[in-house]
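Here are the chains, one letter per residue:
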Amino acid sequence: MSIDLQELFQKNRDWAADTESREPGFFTRLIQQQSPQYLWIGCADSRVPANDLVGLLPGELFVHRNVANLLVHSDLNALSVIQYAVDLLQVSHIIVVGHSNCGGVRAAMTNQRAGLVDNWLRHVQDVRDAHDGFLAGLHDSLRVNALVELNVLAQARNVCHTTVVHDAWQRGQQVVVHGWVYGLHNGLLEDLKITVDSADQVGLAFDTALALVKQRYRQQHAALLAPPAASAQAEV
C-alpha cells in the first residue's frame, strides 16, 4: 500500500472505464439528477456494501451509515439525511439494515469498552436492557445476532416516529419503512417482517415482528439444547 494510495486511484480509473464501457453515457446521465427510490440506513461495517448487496447502481440508492445502524432522535446527521431523502428526493422506502455478528452490537451486548463509541452504543444497550430476560434465556451463540435483529426493529420504529416521516404520512406521501438483516455468512438479506406505511400501523407492526424474532430464536435455542437423536442399533 503506497503512502498516497495511488492504487485506489488506479482502481477508480479501471472502474470508471469498465462502467462506461458497459453502459455508454452512464456518467453523463448520472450528473443530470439522482432519483433513488430507497434510503438505506445501515452499519458502517466495511463488509456490508449497500449498493452491491441489492444490485443497484450509483444514483439508485441513497445511503446513510453509522456504527450499529442507529436512528437516534437527537442525531441531526441521520435526521437530516431522512429529511433530504423524503422531502427532496421523494424516496418511497426507508430500509434499516443490520448485519449478523455486528461488532458494535457485540460490544454493547458484552459491555466491551472501546472508547468514545461506548456512548453511541449506549443506545444499543438500551435495546438490550429492554429485552434482557429474553436474551439471557438464549444460548450464548445466539445472543449477539438476536440483539442485532432486536436493534433493527427498534431503529425501524424510531424512523417511523420521526417528525419527517410522520409529516410525510399526514400529507399522503408514500413512505414505507422496513427492517432487514444481512447475513455475513451467506450474503443474503432477510426481511424481519416490519413493514410500515402509516402511523397507525407502527405499534402492531413492531409487536408482530418482535414476536416472530423471539419465536425464531427460542426455536433455535431449543434445537441447540435438544439431545442428539439416538443412533440406530447395529444389525447383528
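What comes next is a walk through the structure. Along each chain, residues carry numbers from 1 onward, in the same order as the chain's sequence is written. In view of the model being predicted, local features appear only for residues whose pLDDT reaches at least 70, and side-chain atom pairs are presented and counted only at 80 or more, with totals across whole chains, interfaces and linings using the full set of residues. Side-chain metrics in this entry use all non-hydrogen atoms of the structure; hydrogen atoms and water are not considered.

**Comments concerning the pairing of strand 3 (residues 93–99)**
Thinking step 1. Relative accessibility under 20% of the residue-type maximum defines a buried residue, over 50% an exposed one, and the middle range a partly exposed one, all with a 1.4 Å probe and only protein chains included. Strands are runs of DSSP state E lasting at least two residues, helices are runs of H or I lasting at least four, and both sets are numbered from the N terminus onward. Along strand 3, six of the seven residues are buried, which leaves the element largely enclosed by surrounding structure.
Thinking step 2. With five bridges connecting them, strand 1 (residues 38–43) and strand 3 associate as parallel partners. Paired with Tyr-38 across the strands is His-93, a residue of strand 3.
Thinking step 3. One ladder, built from seven bridges, connects strand 3 with strand 4 (residues 176–182); its direction is parallel. The rule for pairing is simple: two strands pair if DSSP sees at least two bridges between them.

**Considerations on the nonpolar core**
Thinking step 1. Nine residue types can take part in a nonpolar core, namely buried Ala, Val, Leu, Ile, Met, Phe, Trp, Tyr and Cys, and a core is a set of them joined through side-chain atoms within 4.5 Å. If you look at the biggest cluster of nonpolar residues, it comprises 58 residues, and the most contacted ones within it are Leu-39, Ile-82, Ile-94 and Val-159.
Thinking step 2. Counting residues per element, this core draws most heavily on helix 8 (residues 140–160), which supplies 12 residues.
Thinking step 3. In this analysis, two residues are considered to be in contact whenever any of their non-hydrogen atoms come within 4.5 Å of each other. Non-local contacts of Val-159, meaning those with residues more than four positions away in its chain, are made with Ile-41, Leu-71, Ile-82, Ile-94, Val-96, Val-165 and Val-177.
Thinking step 4. By size, the runner-up hydrophobic cluster in this structure holds eight residues, among which are Val-48, Ala-50, Val-97 and Trp-180.

**Regarding the packing of aromatic side chains**
Thinking step 1. Any two rings among Phe, Tyr and Trp, with Trp reduced to its six-membered ring, count as a pair given centres within 6.5 Å; such a pair is stacked if its planes are under 30 degrees apart, edge-to-face if over 60, and tilted if neither. Here the structure, examined in full by the defined rule, presents three aromatic pairs.
Thinking step 2. With a centroid separation of 5.6 Å and an interplanar angle of 75 degrees, the aromatic rings of Trp-15 and Phe-27 are classed as edge-to-face. Here Phe-27 lies in helix 2 (residues 26–30) and Trp-15 lies in helix 1 (residues 6–22), a separation of 12 residues in the sequence.
Thinking step 3. Judged by relative accessible area, Phe-27 falls into the partly exposed class, the value being 26%.

**Comments concerning helix 4 (residues 76–88)**
Turn by turn, an α-helix covers 3.6 residues, leaving residues three or four places apart pointing in a common direction.
Thinking step 1. How far a helix is expected to stretch is found by multiplying one less than its residue total by 1.5 Å. Along its 13 residues, helix 4 runs 17 Å from first to last C-alpha, staying within 8% of the 18 Å computed at 1.5 Å per residue.
Thinking step 2. Those residues of helix 4 that fall on the buried side of the exposure criterion are Ala-78, Leu-79, Val-81, Ile-82, Ala-85 and Val-86. Down the axis of helix 4, the buried set is contained in an arc of 155 degrees. They therefore lie on one face. The outward face of helix 4, more than 90 degrees from its buried face, is lined by the exposed residues Leu-76 and Leu-88.
Thinking step 3. Contacts described as polar in this section are N or O atom pairs within 3.5 Å, which, within protein, must combine one atom able to donate a hydrogen with one able to accept it, while residues neighboring in sequence count only if both atoms come from side chains. The N-terminus of helix 4 is capped by Asp-75, whose side-chain oxygen sits 3.1 Å from the backbone nitrogen of Asn-77.
Thinking step 4. Positive backbone phi, approximately 60 degrees, marks Gln-90, located one or two places after helix 4. Directions drawn from the helix axis to the C-beta atoms are what define this arc.

**Thoughts on the side chain of His-221**
Thinking step 1. With respect to the helices and strands, the residue His-221 is situated in helix 10 (residues 202–225).
Thinking step 2. Setting aside anything within four residues of it in sequence, one finds His-221 in contact with Gly-137, Leu-138, His-139 and Leu-142.

**Details of the sheet that holds strand 1**
Thinking step 1. Taken in spatial order, the five strands make up an open sheet running 2-1-3-4-5, and their pairing is mixed. The open sheet terminates on both sides in strands that have one partner only, identified here as strand 2 (62–66) and strand 5 (189–196). Within this sheet the neighbouring strands show an average axis-to-axis angle of 20 degrees, counted without direction.
Thinking step 2. Together, strand 1, strand 3, strand 4 and strand 5 form the strand contacts of helix 8, whose direction differs from that of strand 3 by roughly 160 degrees. Only the contacting stretch of a helix is used when fitting its axis, a line to C-alpha atoms as for every element, and angles between N-to-C directions run 0 to 180 degrees.

**Quick notes on helix 8**
Thinking step 1. The end-to-end C-alpha separation of helix 8 is 31 Å, in line with the 30 Å expected for 21 residues at 1.5 Å each.
Thinking step 2. Counting buried residues along helix 8, 16 of its 21 residues qualify, which places the element largely inside the surrounding structure.

**Digging into the pattern of salt bridges**
Proximity of charged atoms lets side chains of opposite charge pair with each other.
Thinking step 1. We count a salt bridge whenever a side-chain nitrogen from Lys or Arg sits within 4 Å of a carboxyl oxygen from Asp or Glu. What the rule picks out here adds up to 11 salt bridges.
Thinking step 2. Across the pair Asp-87 and Arg-171 runs a salt bridge whose closest N-O atoms are separated by 2.8 Å. Here Arg-171 lies in the loop between helix 9 (163–170) and strand 4 and Asp-87 lies in helix 4, a separation of 84 residues in the sequence.
Thinking step 3. Its relative accessible area of 29% is what places Asp-87 among the partly exposed residues.

**Brief notes about the environment of Val-105**
Thinking step 1. Take Val-105: it is sitting in helix 5 (residues 103–110).
Thinking step 2. Look at Val-105 and you get buried, because its relative accessible area is 1%.
Thinking step 3. Put simply, Val-105 and Asn-186 are 81 residues apart on the chain and 19 Å apart in space, counted from C-alpha to C-alpha.
Thinking step 4. Val-105 has contacts with Ala-68, Val-124, Val-144, Leu-147 and Val-148, leaving out every residue within four places of it along the chain.

The analysis is restricted to geometry; functional conclusions fall outside its scope.
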